[in-house]
Amino acid sequence: MAANNMSPSAFDKEQIFGMAEKEMEYRVELFNKFVGGIRIHMVNLLLFLPFRMTQTCFNKCVDNRYKESELNMGENSCIDRCVSKYWHVTNLIGQLLGSGRPPM
């Protein structure tokens, strides 16, 4: 750049704008990679959470020896509580991720 109190030459301005443009491109690329990673994670979460929740709650609440064709009252209430806890924890995790705060 030119000496103090002098305006930059056209070449200097071009160089400065070129560097700023590259910096912005770099930042946009990083942002897109970050957002893309979050999107993929959210899609995986939305696709696999119901399956995993169903499998976990079923294994926890339903006896392996099927005595009846329908769930009994204890199994129904156990599954209801299990699913409720799963969704509650999922919402808490989503809120923590959305707020950008580290976990407690």
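Residues numbered from 1 in each chain as written. Predicted model: local features only at pLDDT ≥ 70, side-chain atom pairs only at ≥ 80, totals over all residues. Heavy atoms only, no water.

A. Just the state of the cysteines, in detail. Following the criterion strictly, the structure yields two disulfides and no others. Between Cys 61 and Cys 78 runs a disulfide, and the two sulfur atoms are separated by 2.1 Å. Residues Cys 61 and Cys 78 are joined through a disulfide that is left-handed, its torsion about the S-S bond being -65°. Pair noted here: Cys 61 is in helix 1 (residues 10-61) and Cys 78 is in helix 2 (residues 73-99), with a separation of 17 residues, a long-range link. Classification of Cys 61 by relative accessible area gives buried; the value is 11%. (Disulfide = S-S within 2.5 Å. Helix = DSSP H or I, 4+ residues; strand = E, 2+ residues; numbered from the N terminus. Buried < 20%, exposed > 50% of the residue type's maximum accessible area, 1.4 Å probe, protein only.)

B. Region of interest: the side chain of Thr 90. Structurally, the position occupied by Thr 90 is in helix 2. A residue is classified by how much of its surface remains accessible, and Thr 90, at 18% relative accessible area, is buried. A polar contact of 2.8 Å, which involves the side chain of Thr 90, links it to the backbone oxygen of Tyr 86. (Polar contact = N/O pair within 3.5 Å; in protein donor to acceptor, adjacent residues only side chain to side chain.)

C. Spatial organisation of helix 2. A rise of 1.5 Å per residue sets the reference length of helix 2, with its 27 residues, at 39 Å; its end C-alpha atoms lie 39 Å apart and thus fit the reference within 8%. Within helix 2, the full set of buried residues consists of Glu 75, Cys 78, Cys 82 and Thr 90. Its side-chain oxygen at 3.1 Å from the backbone nitrogen of Gly 74, Asn 72 defines the N-terminal cap of helix 2. (Expected span 1.5 Å × (residues − 1).)

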